[in-house]
Amino acid sequence: MMGEKLKLLIIDDDDKVTGLVQRIAEGAGYKTYVYDRQTALDTILASDTPDIIFLDVFMPNQDAFDVMRRLKKVGSSAKIIVMSGDGDFCKMAAEYGSVIGLDVATSIEKPFRLREVREALQLAGDAVIARQEKYYTPLYRVKE
Amino acid sequence: MPPTSAAKAQKLQNLVDTVLDTIVDGVITINEKGEIQSYNPACRKLFGYTADEVIGKNVHMLMPSPYKENHDSYIKNYRETGDAKIIGIGREVSGQRKDGTVFPMELAVGATHEGGDHAFVGIIRDITERHLAEMEREQLRQSQKMEALGQLTGGIAHDFNNLLAIILGNLDFLSEEIMDEALKESFVMPSIEAAEKGSELTQMLLAFGRKQTLRPEFVDPNDLLMKFIRLISRTLEERIDIRMSLSPDVWPCYVDVRQLENALLNLALNARDAMPKGGRLIFETENVYLDEDYAQENLEVVAGEYTMIAVSDSGFGMAHDVIEKAFDPFFTTKTVGKGTGLGLSMVYGFVKQSQGHIKLYSEPGFGTTVKIYLPRNMDSVGYTAPIRTVDPNNEDMPRAPENTRVLVVEDNASVLKMTSSMLESLGYIVEVASTGEQASDILKKDDGFTLLLTDVMLPGAINGPILAQEAISLYPSIKVLFCSGYAEHAIFQSDLLSEDVHLLSKPFRKTVLAKKLIEVLNNGDA
């Protein structure tokens with residue numbers, strides 16, 4: 001279908017969680033990269049525009065609300081999947097992101113199962129592809 | 001010199017009289033029969049009797065039971081044995097006023113001998129105020145304790161959920177990778193089950209910490225109770241007699257139905273366990289007004305209208321110290337392995353997170369009543385039940401400008417129904433959709449809408465804000481009003497003031513909706 005792999009940015013302070021999400025996403029055919037918390041988020045977003053962002057709500061120094069404000073500032077159009085071990089905040093972060101004009105796809109509560117993450121990725125990925133096709137409708141498409 | 005000593009005695013008597021008349025504490029003297037000999041003006045204020053009404057009468061008239069009945073024996077005992085139980089020591093007892101009311105008092109008693117006869121002096125201080133202050137301190141301590149425990153358990157649950165996410169995720173991978181079914185069955189599956197159990201536990205901790213995800217909707221509590229009772233009557237033994245006392249015009253609640261059922265189940269099972277030999281289990285509903293006095297006695301309670309759901313049993317009840325800890329996580333009176341100690345904690349957290357109030361009444365030997373109060377969040381529109389009280393805000397509700405058509409988008413059926421009923425009763429012409437996709441289709445075909453009222457989060461690919469963008473690109477003059485359960489949260493409040501977004505906090509009363517709509521229609525250019 002699409003020539004290029006969709007890009008997924010993972011933002012979580014726990015390496016084991018990011019590793020897990022990376023593994024799931026790469027298995028589903030995504031190109032993944034992890035926010036290392038060393039480089040400024042803006043720089044990362046500018047150098048490589050993600051199609052989908054996996055975002056943890058609670059992180060030291062910078063929580064999901066801060067990150068979403070940055071995303072809004074730089075005009076990110078990425079699909080966002082919010083995740084947290086705190087259900088209420090998870091839902092709130094998703095609503096917050098939507099209200100400020102970000103494209104929040106869904107929220108996932110931790111602990112999650114592989115199936116849930118795969119489904120969420122599938123839905124978000126489909127939406128990204130549909131959007132791309134809408135904007136760059138090719139005259140004809142070469143079947144892979 | 002006798003005249004001089006008589007004058008001295010008179011002078012002393014005058015001084016004593018002045019002291020007794022002036023002193024703020026009550027002073028009573030009695031003889032050894034218990035008859036009142038003197039009664040100072042402060043006593044009159046305390047007890048409401050005049051001196052004439054009490055002089056010569058037995059002092060037990062100023063006491064409530066059981067002091068009243070036992071007082072004569074106290075004096076007798078002292079005379080015979082010299083055993084001074086109270087004399088010389090201050091003690092907290094109760095006094096009874098002329099009007100029958102009882103008040104806490106501090107009593108100090110002194111004894112004198114006059115030619116072999118005993119006489120007693122009682123100094124009385126009203127400590128009602130002090131008791132109230134102590135109660136308030138105790139209340140504050142209790143609510144601070146619950147707050148701290150909630151934060152602690154909520155925090156632990158969050159961290160554990162992160163760990164469980166890693167454990168469960170990797171176990172899921174393992175179970176996909178391992179081809180040997182026997183190996184999987186004996187090593188991976190038990191681990192997954194244990195991790196899932198752990199996840200259930202953290203869910204309860206989150207519930208207590210008021211941090212679980214709630215999906216509130218409008219529900220008729222009577223309906224819910226009747227269905228619930230049908231369900232549990234099959235589970236509970238026959239020796240438990242289930243009764244209902246449902247107020248016919250009870251206000252609907254805006255609450256997470258699954259969690260409310262869960263809470264009721266917890267209470268019903270506790271009631272069953274408190275009645276091993278059988279008994280009565282009573283469910284009640286009622287509209288109540290918790291007034292300022294109640295709110296003062298119960299910190300955290302906001303005075304106002306509530307729907308009350310009560311679950312009572314005729315079981316063995318709880319002692320005071322058990323009641324105090326009943327909501328604490330991991331506190332249980334059940335034998336080890338029988339209860340998690342999280343049942344009532346979950347109920348507590350759920351009710352608090354739903355802006356409600358929960359109160360436990362119990363008497364050892366008589367039973368327990370748990371009352372859940374859920375705030376009256378909405379008006380009766382859309383429900384056939386008549387409402388006794390008249391909504392005071394009804395008059396100043398602005399009605400719809402002529403021919404104002406509104407598209408309402410909301411995925412929860414009960415909320416959608418409620419909202420459209422409110423809008424119609426205000427004179428709006430209403431069209432509804434339950435998903436973003438459905439709403440988008442309607443908007444494409446119909447160009448007659450003045451306003452879009454949509455939930456922020458909607459299932460599917462089109463959420464509220466995306467839908468709004470679509471609507472505005474189709475019809476630039478259309479007004480948009482979002483609703484969100486978090487609209488009043490500090491994060492939303494602080495950030496969105498600068499944004500050109502109209503946000504309505506869910507759940508809303510009709511009057512709030514009416515005013516907000518006019519505001520958006522008049523100057524909102526979103």
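Before reading further, recall that the structure is shown in the block above.
Quick look at the structure, then.

What counts as what
- Residues numbered from 1 in each chain as written.
- Chains lettered and ligands numbered in written order.
- Predicted model: local features only at pLDDT ≥ 70, side-chain atom pairs only at ≥ 80, totals over all residues.
- Heavy atoms only, no water.
- Helix = DSSP H or I, 4+ residues; strand = E, 2+ residues; numbered from the N terminus.
- Rg over C-alpha atoms; globule rule 2.2 N^0.38 Å.
- Buried < 20%, exposed > 50% of the residue type's maximum accessible area, 1.4 Å probe, protein only.
- Pairing = 2+ DSSP bridges.
- Salt bridge = Lys/Arg side-chain N within 4 Å of Asp/Glu carboxyl O.
- Core = buried A, V, L, I, M, F, W, Y, C linked by side-chain atoms within 4.5 Å.
- Contact = heavy atoms within 4.5 Å.
- Buried area = accessible area lost by both parts, 1.4 Å probe.
- Polar contact = N/O pair within 3.5 Å; in protein donor to acceptor, adjacent residues only side chain to side chain.
- Nonpolar A, V, L, I, M, F, W, Y, C, P; charged D, E, K, R; others polar.
- Phe/Tyr/Trp six-rings, centres within 6.5 Å; stacked < 30°, edge-to-face > 60°.
- Lys NZ or Arg CZ within 6 Å of the ring centre and 35° of its normal.

The next point concerns the overall build of chain B. A tally of helices and strands in chain B yields 16 helices and 17 strands. Its C-alpha atoms give chain B a radius of gyration of 33 Å, more than 25% over the compact-globule value 24 Å for 526 residues. A principal-axis box enclosing the C-alpha atoms of chain B has dimensions of 120 × 70 × 45 Å. Looking at chain B as a whole, 46% of its 526 residues qualify as buried.

Let's shift gears to the overall build of chain A. Each helix and strand in chain A was counted, giving five helices and five strands. Going from N to C terminus, chain A has its helices and strands arranged as β-α-β-α-β-α-β-α-β-α. For 144 residues, the compact-globule formula gives about 15 Å, and the C-alpha radius of gyration of chain A, at 15 Å, lands near that figure. For chain A, the spread of C-alpha atoms along the principal axes amounts to about 50 × 30 × 30 Å. For chain A, the residues scored as buried account for 51% of the 144 residues in total.

This part takes up the pairing of strand 15 (residues 451-455) of chain B. Residue and element names in this part refer to chain B. The element strand 15 is extensively covered by neighbouring structure, given that five of its five residues are classed as buried. Where strand 13 (residues 405-409) lies against strand 15, four bridges are found, and the strand directions are parallel. Bridge pairing links Leu-407 to Leu-452 in strand 15.

One pass over the structure, following the stated rule, counts 31 salt bridges over all chains. Where Glu196(B) meets Arg113(A), a salt bridge forms, and the shortest distance between an N and an O atom there is 2.5 Å. Taken as a pair, Glu196(B) in helix 6 (residues 181-208) and Arg113(A) in the loop between strand 5 (103-109) and helix 5 (114-135) lie in two separate chains rather than in one. A relative accessible area of 17% places Arg113(A) in the buried class. The residue Lys184(B) makes a salt bridge to Glu181(B) at a minimum N-O spacing of 3.4 Å. Pair noted here: Lys184(B) and Glu181(B) are both in helix 6, with a separation of three residues, about one helical turn. Residue classification places Lys184(B) among the buried residues on the basis of a relative accessible area of 14%. Residues participating in the shared-partner salt-bridge network are Lys7(A), Lys31(A) and Asp48(A).

This part takes up the nonpolar core. Formed by 51 residues in total, the largest nonpolar core has its most connected members in Ile11(A), Ile53(A), Leu55(A) and Leu452(B). Among the elements that take part in this core, helix 4 (residues 87-99) of chain A stands out by supplying six residues, more than any other. Setting aside residues up to four positions removed in sequence, Leu55(A) forms contacts with Ile11(A), Ala64(A), Val67(A), Met68(A), Ile80(A), Ile81(A), Val82(A) and Met83(A). One finds Cys253(B), Ile309(B), Ala326(B) and Ile358(B) within the second-largest nonpolar core, a separate group that totals 39 residues.

Take the interface of chain B and chain A next. By a frequent convention, interface size equals the accessible area lost on bringing the separate parts together. Listed per partner, the contact involves 41 residues of chain B and 34 residues of chain A. Both sides together, the interface formed by chain B and chain A hides about 3400 Å², and carbon and sulfur atoms give 59% of it. Among the residues of chain B in contact with chain A, Phe173(B), Met457(B) and Tyr486(B) are the three that bury the most area, contributing 18% of the side total. Inspection of the chain B/chain A interface yields five salt bridges. The partner of Asp86(A) in a salt bridge is Lys211(B), and the shortest N-O contact between them spans 2.9 Å. Run the count over chain B and chain A and you get 16 residue pairs in polar contact (both at pLDDT 80 or more). Breaking the side of chain B that touches chain A down by element, the ones donating at least two residues are helix 5 (128-177), helix 6, helix 14 (464-474) and helix 15 (490-496) of chain B. In the side of chain B that touches chain A, the residues fall into 20 nonpolar, 13 polar and eight charged.

The final tally for this structure, using the stated rule, is 10 aromatic pairs over all chains. Aromatic pair Phe228(B) and Phe283(B): ring centres 6.0 Å apart, planes at 75°, arrangement edge-to-face. You can see Phe228(B) sitting in helix 7 (residues 221-235) and its partner Phe283(B) sitting in strand 9 (residues 279-290), a full 55 residues away along the chain. Here a set of aromatic residues connected by ring pairs shows up, and it is made of Phe58(A), Phe65(A), Phe89(A) and Tyr96(A). Sitting over the ring of Phe173(B), Arg23(A) keeps its end group 4.3 Å from the ring centre. The positively charged end of Arg405(B) is found above the aromatic ring belonging to Phe449(B), 4.4 Å away from the centroid.

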